[in-house]
Amino acid sequence: GCPVDYEAMDYGYIPGNAQSIYDGWKASPDWSNVAAILGWGSTDSILLAPQVRDDKKPFLSASYFGGLASPNPVVRDVTIPELSASTFQEISFPQHFTSDGFGYNFFAGTDYSTGSRIGMFHVVTQGGKRVGFFYCSADYCKGPIPAARAYAKAQGLLLGRDLTVELTDTQSVYDTKVMQYFMQEKNQAAADSTYKIVDWVWGGNTTKTTAYLAKSLAKMNTALGLNVHLIVNNWGFDENLFGLCGSDCVDTVHGIMPFVAYGDNRAGEMAKVTALHDKWRQMDAATDGNVTYKNVRYVQGYVNVLLFKLAVEKVITSGKSLINGDNIKTALEEFNGVDTGGLTGRLTYSPTDHRPQSTESIYKFNSNGQLVLESQRTITMVDDWLGW
């Protein structure tokens, strides 16, 4: 019974566009009535985080960047291990992490760093020995790598070398980089009988480039007689991946997802998600059998709005007369194990910690291109992990 006046604008993943949209809203005479902003990507979320904090506008996004999860300033010096690309020797170095504190940023997914730790734990359970880290040079690709490396070592995994694979690289570039990397691995094993070749790779990019990487690894595995598996972050794995890489993705590509896959009926709320999808596809007069948007990104968008809805309802039931930024922020920071109908882990926020959950569903593909749940894993978050 609460009417919502909203305006939706597409910034096209261009940060300057996001800034222009925000500036336009801020210049509007009804800016004071804006209760919250629902964003999406990392670049716009990071760009606008200081501004929404100063303007006291809760910003609910689909960027699960660890630095945005600390509502208060954080400064940490952490010793991070790494395997030297030239000597194959493990080295450690102090790394300085800071977050200015972003008390008005919220998201529902497991933060990237926690997700990477869960990914490393899954590698251990699958019998992995040494893990390499393949990712692009953008902040959201490389951001969780220190957390992944440190946690992998703590879990007894051997560290592999890093490899930079950009979002703009072509399939042929991936093929070359991957083959060179693993030829160097075999050469190192030949020179040092104690060296164990990388048998798992962390993929930290997008779904499109995950397909490139999966195909490159399949070619390399055949050529060099290896059996390297790929564990992928939540933006590099979804229902569309099989259509991009086919059999090269079967059994060897494993994806961590803080939201259950579309149609995963373990989640009671999924019936509402699929009904909503079908309703709007029918209104769109969809001619593709209503399959458009049937993937985890639709679930992510649904939960993004659900988070706003639950917060507003909490403001109303608490008896507060105004649905504004401060009251929504307070309501969210009182969430304690809030159920999203199984679409995510239960959500908890506090005035000192905006990491909402630490659960990932881990899927892989069968030969028919269907997602198969391998496990659902939760780890206990550590206070010292906050902000990086």
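As a starting point, this report considers the structure included with it. (Residues numbered from 1 in each chain as written. Predicted model: local features only at pLDDT ≥ 70, side-chain atom pairs only at ≥ 80, totals over all residues. Heavy atoms only, no water.)

1. Re the state of the cysteines
Applied cut-off: For the purposes of this analysis, a disulfide is any pair of cysteine sulfur atoms at a distance within 2.5 Å. Exposure is judged per residue with a 1.4 Å probe applied to protein chains only, and the accessible area is read against the type maximum: over 50% gives exposed, under 20% gives buried, and values in between give partly exposed.
Going through the model one piece at a time under the given rule, you end up with 2 disulfides. Covalently, C136 is tied to C141 through a disulfide, its sulfur atoms 2.1 Å apart. Residues C136 and C141 share a disulfide whose torsion about the S-S bond is about 80 degrees; that sign makes it right-handed. Take C136: its relative accessible area is 1%, and that puts it in the buried class. A relative accessible area of 1% places C141 in the buried class. The side chain of C245 participates in a disulfide bridge whose partner is C249; the two sulfur atoms lie 1.7 Å from each other. Residues C245 and C249 are joined through a disulfide that is left-handed, its torsion about the S-S bond being -95 degrees. Of the residues examined, C249 reaches a relative accessible area of 0% and is grouped as buried. Numbered by order of appearance in the sequence, the disulfide-linked cysteines of the protein chain pair as 1-2, 3-4.

2. Some details on the sheet that holds strand β2 (residues 59-60)
Heads up, the rule is: Note: two strands are recorded as paired if DSSP finds a minimum of 2 bridges between them. Under the DSSP-based scheme used, a helix requires at least four consecutive residues in state H or I and a strand at least two consecutive residues in state E, with every element numbered from the N terminus.
Taken together, 3 strands build an open sheet; the order of strands is β1-β2-β5 and the sheet is parallel. The strands lining the two open edges of the sheet, one partner per strand, are β1 (37-38) and β5 (105-106). With 2 bridges joining them, β2 and β5 adopt parallel strand pairing. Bridging across to β5, F59 finds its partner in N105.

3. Remarks on the layout of surface pockets
Leftover empty space is mapped by rolling, across the atoms, a probe with the size of a water molecule. We apply this condition: Note on definitions: the grid is 1 Å and covers protein atoms alone; a cavity is a set of points where a 1.4 Å probe fits but cannot get out; a pocket is an open set with protein on both sides within 12 Å along at least five of seven lines; lining residues have an atom within 4 Å of a point. Grid points are joined across faces, edges and corners, and a volume is the space filled by probe spheres set on the points. Classes in brief: Ala, Val, Leu, Ile, Met, Phe, Trp, Tyr, Cys and Pro nonpolar; Asp, Glu, Lys and Arg charged; the others, Gly included, polar.
Of the volumes computed, that of the second largest pocket is approximately 400 Å³. Considering the residues around the second largest pocket, the lining is formed by 23 residues, among which F65, G67, F97, T98 and G387 are closest to the centre. Elements with a contribution of two residues or more to the lining of the second largest pocket: α2 (42-55), β4 (90-99), α3 (112-125) and α4 (139-142). In terms of residue count, β4 provides more of the lining of the second largest pocket than any other element does, 5 residues in total. Each residue belonging to the lining of the second largest pocket can be placed in one class, and the counts come to 11 nonpolar, 9 polar and 3 charged.

4. Structural notes on the packing of aromatic side chains
Formally: Aromatic rings from Phe, Tyr and Trp, taking only the six-membered ring of Trp, are treated as a pair when their centres fall within 6.5 Å; an angle between ring planes under 30 degrees marks them as stacked, one over 60 as edge-to-face, and anything in between as tilted.
A full pass over the atoms with the stated rule returns 19 aromatic pairs. Geometrically, the ring pair formed by W40 and W235 is edge-to-face, given 5.9 Å between the ring centres and 75 degrees between the ring planes. Of the two residues, W40 sits in the loop between β1 and α2 while W235 sits in the loop between β9 (229-232) and α8 (241-245), which places them 195 residues apart along the sequence. For the ring pair F134 and F182, a centre distance of 6.4 Å and an interplane angle of 55 degrees mean the geometry is tilted.

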